[in-house]
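# Structure assessment
Residues per chain are reported as follows:
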Amino acid sequence: PALNLREKLSELFKPSGIAGEAMLRAETPQEQFNLIGAGRRNLIINGDQRIDQRNDGSSITLNDWAAYATDRMRFGARPSTGTATIQRVADAPEGFYYSAKISRLTGSADSNNYYSLLTKIEGNDIAHSGVGTSSAQDITISFWVKSNLTGIWSVGLQNEAGGGDRRSYNTEYTINSASVWEYKTVTIPLLQDGVFYYDNRACFQVNFDLGSGASYTNTTLNQWQAANIVASANAVRFFETAGATWQITGVQLELGKVATPFEHRSYGEELAACQRYYQKFFDESGVNVQLQLIGLNSTTGHFVWWPPVQMRARPTVGITTTTPYWESYPWNTPGTSLTISGISNGHMGRSGGEIAVFGSFNPGLVRGTNYSMSAEALYWDTEL
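Below or above, wherever it landed, is the structure these notes cover. Source: prediction; values computed, not measured. (Residues numbered from 1 in each chain as written. Predicted model: local features only at pLDDT ≥ 70, side-chain atom pairs only at ≥ 80, totals over all residues. Heavy atoms only, no water.)

Moving on, we get to the overall build of the chain. Looking only at helices and strands, the chain features five helices and 25 strands. Structurally, the chain occupies a C-alpha span of about 100 × 55 × 40 Å along its principal axes. Among the 384 residues that make up the chain, the fraction classed as buried is 51%. Sequence-distant contacts in the chain: of pairs separated by 6 or more residues, those separated by 24 or more amount to 76%. Summed over its atoms, the accessible surface of the chain is roughly 17300 Å², and 51% of this surface lies on carbon and sulfur atoms. Separation of charge centres in the chain, based on 29 positive and 35 negative side chains, amounts to 2 Å. (Helix = DSSP H or I, 4+ residues; strand = E, 2+ residues; numbered from the N terminus. Buried < 20%, exposed > 50% of the residue type's maximum accessible area, 1.4 Å probe, protein only. Contact = heavy atoms within 4.5 Å. Areas by Shrake-Rupley, 256 points an atom, 1.4 Å probe, with all protein chains shown as cover. Lys, Arg positive; Asp, Glu negative; His and termini not counted. Charge placed at Lys NZ, Arg CZ, Asp CG, Glu CD.)

Under the counting rule described, the total for this entry stands at 16 salt bridges. The closest approach of N and O atoms between E240 and R237, which form a salt bridge, is 2.6 Å. E240 sits in the partly exposed class, given a relative accessible area of 36%. Two residues, E270 and R265, come together in a salt bridge whose shortest N-O distance is 3.1 Å. The buried category is assigned to E270, whose relative accessible area is 3%. Because the salt bridges share partners, they merge into one network encompassing D48, R50, E263, R265 and E270. (Salt bridge = Lys/Arg side-chain N within 4 Å of Asp/Glu carboxyl O.)

A separate point is unusual backbone geometry. With omega at 0°, the peptide bond leading from N362 into P363 counts as cis. Structurally, P363 can be placed in the loop between β23 (352-362) and β24 (370-375). The phi angle at S179 is positive, at roughly 60°, despite the residue not being glycine. The topology assignment puts S179 in the loop between β9 (168-175) and β10 (182-189). Of note in this structure, N222 is not a glycine but carries a positive phi near 60°. Of note, N222 is situated in the loop between β12 (217-218) and β13 (224-225).

Spatial ordering of the open sheet is given by β16-β25-β19, a layout of three strands whose pairing is antiparallel. Each end of this open sheet is capped by a strand with a single partner; those strands are β16 (278-282) and β19 (316-319). Strand-to-strand twist across the sheet, computed as the mean angle between neighbouring axes with direction ignored, equals 15°. Relative to strand β25 (residues 377-381), β19 is paired through four bridges, and the arrangement is antiparallel. Bridging from a neighbouring strand, T316 pairs with D381 of β25. (Pairing = 2+ DSSP bridges. Axes fitted to C-alpha atoms, helices over the stretch in contact; angles between N-to-C directions.)

So, on to the state of the cysteines. Scanning the entire structure with this criterion turns up zero disulfides. This cysteine, C203, is not joined by any disulfide, and C274 carries the nearest cysteine sulfur, 20 Å off. (Disulfide = S-S within 2.5 Å.)

Here the second largest pocket defines a volume of roughly 300 Å³. Lining the second largest pocket are 13 residues, and of these Q53, Y267, L271, F282 and E284 sit closest to its centre. Looking at the lining of the second largest pocket, the elements with two or more residues in it are α5 (267-275) and β16. Among the residues forming the lining of the second largest pocket, the class breakdown is five nonpolar, two polar and six charged. (1 Å grid on protein atoms, 1.4 Å probe; cavity = no way out; pocket = protein on both sides within 12 Å on 5 of 7 lines; lining within 4 Å. Points joined across faces, edges and corners; volume = space filled by probe spheres on them. Nonpolar A, V, L, I, M, F, W, Y, C, P; charged D, E, K, R; others polar.)

To continue, consider the packing of aromatic side chains. What the rule picks out here adds up to 19 aromatic pairs. Between W326 and F361 the ring centres are 5.3 Å apart and the planes differ by 90°, which places this aromatic pair in the edge-to-face class. Remark: F361 occurs in strand β23 and W326 occurs in strand β20 (residues 326-328); sequence separation between them is 35 residues. This pair shows no difference in class: W326 is buried, exactly as F361 is. When the centroid spacing of 5.7 Å and the interplanar angle of 55° are considered together, the rings of W326 and Y371 count as tilted. (Phe/Tyr/Trp six-rings, centres within 6.5 Å; stacked < 30°, edge-to-face > 60°.)

Here the focus is a nonpolar patch on the surface. On the surface, L3, L5 and L9 cluster together into a nonpolar patch covering about 320 Å² of accessible area. Following the sequence through the fold, L9 ends up in helix α1 (residues 5-11). The exposure class assigned to L9 is partly exposed, which follows from its relative accessible area of 45%. (Patch = residues over 30% accessible without salt bridge, like charges linked within 9 Å, V, L, I, M, F, W, Y side chains within 5 Å.)

Written out as structure tokens, the structure is:
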């Protein structure tokens, strides 16, 4: 049939918008599925920095390899020759409320140091990506960042496999304006070979570099390399700059080549996901929590605890009070002293169980007798 060829050709160039163009560029139905936001996308837990069980928004001084900024976001330093404060702050771009802020106090140019904010991805959560097989997909990291230092920064992935098969991928992003929130995205092709964990162990580590030394940097970018490298050699040396600050929020890790809008989950859902790795038991009214102990012998009492969320693995347990108040139940014989020497998860699994408290009780505990002990807080930890 007759047609207007000029009109038909013009229709080919009608604007479809950014979203429409992304859909047209998608190479697979799975990429289109991801673009329309169907199903769960974000593999990062607590990417908006809302959950802060350990610090509850308080500022802490960091000089430790395993100190957490907010839940699931760890400050990494090895060796720890630099110090900084870190805090969840109510300063964020539109659509968010909190960010994690790191403020440099002291630093070192030692080539053997590295500094980064990192989070680890459990194998159970990324096995569907096909990593380590011929069907490995691309993965995209997006985030909001702000610093008073402009220039080139570095972000990357490392696998967490044993046997010495360490692989690293590093790329660069640029902070263009000082003290202004900027949105960044990078896409990384996942490896089609190598050793990876697909269970409850860590499969990947996401690194946001904060000025690592020469031993942990090089100029090999945008490709996987068999090395323990966490940053580009071109990156800003955060820990060598007095007064330097750096903030991050809205961190998203998703399959595909296109960064989609941040996946906001409910507070309860995000908290439960964090509690799989860490749980803190304390009284939010500001008084100490009460535990009901049963005497086992003169120096050991035990209690039973069932976590609201099954934890990733058998947790380690700890207590923040070493000399708590205690008394016989029902509140008639206060103990004169107690110095806790340890707390054990000896009869506890991922879903709870018996926890033992060891210490110098005066008077000594009696087997089968009930006691009450107060403590500032207890915690259960299964972090990757």
